[in-house]
Amino acid sequence: MKIFTKKGDCGMTSLGDGRRVEKDNMRIETNGEIDELNALLGVARSMLPKGSVYNVKLEGIQSLLMQIMSYVAACGDLEVRDFEVTLKQMEEEIEQFQGSEKFDFVVPGSSQIEAFLHLARTKTRTVERRLCTISHTCPLHPMVLKFMNRLSDYLFTLAEKL
């Protein structure tokens, strides 16, 4: 497959079902936001030791984000089993990380990894808002919004843990 096809040179692109839409279509815009989130998680992973538990967990989350991108592009079916497992793991870790501490706002920047995880958290919130917009015209599986909401919580607590 070529890296360029020239089919998008006039501001149009294809959805997963082959339908041509403008590049500022909300589904395309949302996938762009998810792609940015995925890249931010990649930067965070590059700061962690290869094979470390959190590197592996973030890589798994990146894989799920790519599944969401495919789902958004096609507005088709979503296999939720992997999402359910990851969601449960994230919730358990959030509770473990947070313990009895009360939530409080933070000023990111104590380390590069912490800052990038907070940047990924804010991008997750942007993705969540875009998915809400899409859901008005293309009903989404409830797991997608639940996963994104929990992911932002997870990234917050992980940033503070590392």
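To start, this report covers the structure provided alongside it. (Residues numbered from 1 in each chain as written. Predicted model: local features only at pLDDT ≥ 70, side-chain atom pairs only at ≥ 80, totals over all residues. Heavy atoms only, no water.)

Here we look at the packing of helix α1 (residues 26–46) against helix α4 (residues 112–135)
No. 1: α4 packs onto α1 with a crossing angle of 165° between their chain directions and a minimal axis gap of 9 Å. Taken together, α1 and α4 sit at an angle that is classed as roughly antiparallel. Relative to α4, α1 is oriented so that their crossing is left-handed. (Axes fitted to C-alpha atoms, helices over the stretch in contact; angles between N-to-C directions. Helix = DSSP H or I, 4+ residues; strand = E, 2+ residues; numbered from the N terminus. Parallel < 35°, antiparallel > 145°, perpendicular 65-115°, else oblique. Left-handed = near helix turned anticlockwise from the far one by under 90°.)

Here we look at the environment of Y71
No. 1: Tracing the backbone shows Y71 in helix α2 (residues 53–74).
No. 2: With near-sequence residues (within four places) excluded, Y71 lies in contact with G76, D77, L78, P139, L140, H141 and V144. (Contact = heavy atoms within 4.5 Å.)

Brief notes about the side chain of Q62
No. 1: With respect to the helices and strands, the residue Q62 is situated in helix α2.
No. 2: A polar side-chain atom of Q62 sits 2.9 Å from a polar atom in the side chain of R45.
No. 3: Those residues in contact with Q62, other than ones at most four positions away along the chain, are N38, L41, G42 and R45. (Polar contact = N/O pair within 3.5 Å; in protein donor to acceptor, adjacent residues only side chain to side chain.)

Digging into the packing of α2 against helix α3 (residues 81–98)
No. 1: Remark: α2 packs on α3, axes separated minimally by 11 Å, with the N-to-C direction vectors making an angle of 140°. Between α2 and α3, the crossing angle belongs to the class labelled oblique. Of the two elements, α2 crosses α3, and the hand of that crossing is left-handed. Contacts between α2 and α3 involve Y54, K57, I61, L64, Q67 and I68 from the first element and D82, F83, T86, M90, E93 and F97 from the second.
No. 2: Residues that form the contact of α2 with α3 fall into these classes: seven nonpolar, two polar and three charged. (Nonpolar A, V, L, I, M, F, W, Y, C, P; charged D, E, K, R; others polar.)

A short note on the pattern of salt bridges
No. 1: This structure, assessed with the given rule, holds nine salt bridges.
No. 2: For the salt bridge of E36 with K123, the shortest nitrogen-to-oxygen distance reads 2.9 Å. Of the two residues, E36 sits in helix α1 while K123 sits in helix α4, which places them 87 residues apart along the sequence.
No. 3: When its relative accessible area of 42% is taken as the criterion, E36 is described as partly exposed.
No. 4: Note that R45 and E59 form a salt bridge whose closest N and O atoms lie 3.8 Å from each other. Here R45, found in helix α1, pairs with E59, found in helix α2; they are 14 residues apart in sequence, far enough to count as distant. (Salt bridge = Lys/Arg side-chain N within 4 Å of Asp/Glu carboxyl O. Buried < 20%, exposed > 50% of the residue type's maximum accessible area, 1.4 Å probe, protein only.)

Side note on the environment of V80
No. 1: With respect to the secondary-structure elements, V80 resides in the loop between α2 and α3.
No. 2: Accessibility expressed as a relative area gives 16% for V80, which makes it buried.
No. 3: In this structure the C-alpha to C-alpha distance between V80 and M143, which are 63 residues apart in sequence, comes to 7.1 Å.
No. 4: If we ignore the near neighbours within four places in the chain, the residues touching V80 are H141 and M143.

What about the packing of aromatic side chains?
No. 1: What the rule picks out here adds up to three aromatic pairs.
No. 2: Ring centres of F83 and F147 lie 5.2 Å apart, and the angle between their planes is 90°; on these two criteria the pair is classed as edge-to-face. Of this pair, F83 sits in helix α3 while F147 sits in helix α5 (residues 142–161); the two residues are 64 residues apart in sequence, bridging distant segments of the chain. Of the two residues, F83 and F147, neither departs from the other in class, the shared state being buried.
No. 3: Three or more aromatic residues joined by ring pairs form one cluster here, namely Y54, F97 and Y154. (Phe/Tyr/Trp six-rings, centres within 6.5 Å; stacked < 30°, edge-to-face > 60°.)

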